[in-house]
Amino acid sequence: MPGPLPPTEVYASERVVVLVSCVLSFLGSSLLVCTHALWPELRTRPRQLLLYLSLADLLSALSYFYGVLQDFDRTSWDCVLQGALSTFSNTSSFFWTMAIALYLYITIVRGSPTGTGLLCCFHVVSWGVPLGITVAAVALKKIGYDASNVSVGWCWVNLDAEDRVLWMLLTGKVWEILAYVTLPVLYILIKKHINRAHAALSEYRPILSRAPAFQPRTSIADKKLILIPVIFIILRIWSTVRFILTLCNSPAVQNSVLVVLHGIGNTFQGGANCIMFVLCTRVVRTRLFSSICCCHYDELDWPLQRSNNYWQCPEPHKNKDVPGPERTKPLLSST
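About the cut-offs
Residues numbered from 1 in each chain as written. Predicted model: local features only at pLDDT ≥ 70, side-chain atom pairs only at ≥ 80, totals over all residues. Heavy atoms only, no water. Helix = DSSP H or I, 4+ residues; strand = E, 2+ residues; numbered from the N terminus. Buried < 20%, exposed > 50% of the residue type's maximum accessible area, 1.4 Å probe, protein only. Contact = heavy atoms within 4.5 Å. Areas by Shrake-Rupley, 256 points an atom, 1.4 Å probe, with all protein chains shown as cover. UniProt positions renumbered as here; feature names shortened; annotations may be inferred. Phe/Tyr/Trp six-rings, centres within 6.5 Å; stacked < 30°, edge-to-face > 60°. Expected span 1.5 Å × (residues − 1). Arc of directions from axis to C-beta. Disulfide = S-S within 2.5 Å. Salt bridge = Lys/Arg side-chain N within 4 Å of Asp/Glu carboxyl O. Core = buried A, V, L, I, M, F, W, Y, C linked by side-chain atoms within 4.5 Å. pLDDT = per-residue confidence, 0-100. Polar contact = N/O pair within 3.5 Å; in protein donor to acceptor, adjacent residues only side chain to side chain.

Caption draft 1: How the structure looks around the overall build of the protein. In terms of regular secondary structure, the protein is built from 11 helices and two strands. Starting at the N terminus, the α and β elements of the protein follow one another as α-α-α-α-β-β-α-α-α-α-α-α-α. Scored against the burial criterion, the 335 residues of the protein give a buried share of 51%. Of all intrachain contacts in the protein linking residues separated by at least 6 positions in sequence, the fraction that spans at least 24 positions is 75%. When the accessible surface of the protein is totalled, it reaches about 15,000 Å², and 68% of it is carbon and sulfur.

Caption draft 2: Inspection of the UniProt feature "transmembrane region" (unreviewed entry) in the protein at higher detail. UniProt's entry tags residues 16–37, 49–67, 87–106, 118–140, 166–190, 225–245 and 257–280 with the feature "transmembrane region" (unreviewed entry), counted in the numbering of this structure. Helix makes up 100% of residues 49–67 and strand 0%. Its end C-alpha atoms lie 27 Å apart. Counting secondary structure, residues 87–106 comes out at 100% helix and 0% strand; the distance between its end C-alpha atoms is 29 Å.

Caption draft 3: Local environment of the packing of aromatic side chains. The tally for this structure, following the rule as stated, stands at eight aromatic pairs. Relative to Trp96, the ring of Tyr52 has its centre 5.1 Å away and its plane inclined at 40°; by these criteria the two rings are tilted. Taken together, the residues span a long stretch of sequence, with Tyr52 in helix α2 (residues 45–70) and Trp96 in helix α3 (residues 77–110) at a distance of 44 residues. On the numbers, 4.3 Å between centres and 45° between planes, the contact of Tyr64 with Trp154 is tilted. Taken as a pair, Tyr64 in helix α2 and Trp154 in the loop between β1 (143–144) and β2 (156–157) lie far apart in primary sequence, 90 residues in all. For Tyr64, a relative accessible area of 3% gives the class buried. Aromatic rings pair up to connect Tyr52, Phe88, Trp96 and Trp127 into one cluster.

Caption draft 4: Representation of helix α9 (residues 282–293) in the model. Over its 12 residues, α9 runs 16 Å from end to end, which matches the ideal 16 Å to within 8%, given 1.5 Å per residue. Among the residues making up α9, those that are buried are Val283, Val284, Arg287, Leu288 and Ser290. All buried residues of α9 lie within an arc of 165° about the axis, which places them on one face of the element.

Caption draft 5: Region of the structure containing the state of the cysteines. Summed over all chains, the structure comprises one disulfide. Counting only cysteine sulfurs, Cys120 is the nearest neighbor of Cys121, a cysteine outside any disulfide, at a range of 8.8 Å. Accessibility expressed as a relative area gives 41% for Cys121, which makes it partly exposed.

Caption draft 6: Main features of the pattern of salt bridges. Per the counting criterion, the structure on display carries two salt bridges. Asp163 serves as the salt-bridge partner of Lys142, at 2.9 Å between the closest nitrogen and oxygen. On the criterion of sequence distance, the pair formed by Lys142 in the loop between α4 (116–139) and β1 and Asp163 in the loop between β2 and α5 (164–202) is long-range, its members being 21 residues apart. On the accessibility criterion, Lys142 (15% relative accessible area) is buried. Across the pair Glu176 and Lys173 runs a salt bridge, and its minimum N-O distance is 3.1 Å. Of this pair, Glu176 and Lys173 both sit in helix α5, three residues apart, roughly one helical turn.

Caption draft 7: Spotlight on the nonpolar core. Core analysis: the biggest nonpolar cluster contains 40 residues, and Leu49, Trp96, Ile100, Leu104, Leu183, Tyr187 and Ile190 have the highest contact counts within it. Elements with a contribution of two residues or more to this core: α2, α3, α4, α5, α6 (211–247), α8 (269–279) and α9. Ranked by the residues each element gives to this core, the list is headed by α3, at 13 residues. In this structure, Val68, Val152, Trp154 and Val259 belong to the second largest nonpolar core, which totals nine residues.

Caption draft 8: Structural detail: the confidence of the model for the protein. Per-residue pLDDT for the protein averages 80, and the proportion of residues at 70 or more is 77%. When mean pLDDT is taken per element in the protein, helix α7 (residues 256–267) scores highest with 94 and helix α10 (residues 302–307) scores lowest with 41. Overall, residues 211–218 carries pLDDT values under 50, and its contacts beyond four positions in sequence, including any with other chains, amount to 14 contacts. Low pLDDT (under 50) marks residues 296–334, which in the prediction has 100 contacts with non-local residues, meaning those over four places away or in another chain.

Caption draft 9: The arrangement of the environment of Gln82 in detail. Relative to the assigned elements, Gln82 resides in helix α3. Here the alpha-carbon distance between Gln82 and Ser60, two residues 22 residues apart in the chain, equals 9.6 Å. Here Gln82 is in contact with Ser63, Tyr64, Tyr66, Gly67, Phe72, Trp154 and Cys155, once residues within four sequence places are set aside.

Caption draft 10: Looking closely at the side chain of His262. Relative to the assigned elements, His262 resides in helix α7. Within the structure, His262 has its side chain in polar contact with the side chain of Arg242 (distance 3.0 Å). When sequence neighbours within four positions are dropped, the list of residues in contact with His262 reads Val150, Ser151, Val152, Trp154, Trp238, Ser239 and Arg242.

In structure tokens, the structure reads:
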């Protein structure tokens, strides 16, 4: 790797933008956690996985906020602590994001039963692997000041480490790049399966009384399935771009636009998840607004709505007129 570039100066305006992104992500992740805690109706397996992702994003937003606020200029004890926390939480967020995609693929496409064994496996991998990598990096003194060339004020892999590229890969970049490939593939396979299920169901739709209400919800779900990997890549790609520019020793890594996009992309994952799975999910949004406004919404349709919603319902609606394979592999409707 060429000699390190001079430190990237993070201007006050750039720091303010990234700090606001951290706050919004923190609030978004907190809202996801609160909805899970307050409403038992939403405690399904997909949203349980989303809870763990939100916890990782919550810790990530806090650690990044401290790092951007401090704007470190050297390795210190709090720099190492902040770098360790952000490394662990950020890497864990990658794993939980891929775990959700894998869970949906297994349950929807494969139709395989999932129990506590799969969840335990997700916990071991999504918490254990990041923790092991982070502990090893701290023990070997690989976490420290990185001149903001691959960060935005926070600490990550020590700039003086001879094998810094290897540790940059291990502590984030290799998992980030793996997610770029894995997420689109899994969600494309899920969407193809849902489209085939819709086609098979179309011949039965005339005799299904609830068909008119079913179609809009499935359309919303299809759009969200596309948006999940797209939003992830849009947010994370800028950190990968700056990483590659740093490897090439290019001064473009210090471009202000890239710095801001990197800062927002790394810190706003919790906010993006909140927008998709709280504000853009009708059932959750209605519950949330009714709680905030102290209004009494008619709850009679709540079980019906949940039965058409994979993210809110443990068991999808079953119709006797639909063939067996279409019943055993639930569709994602209004996520």
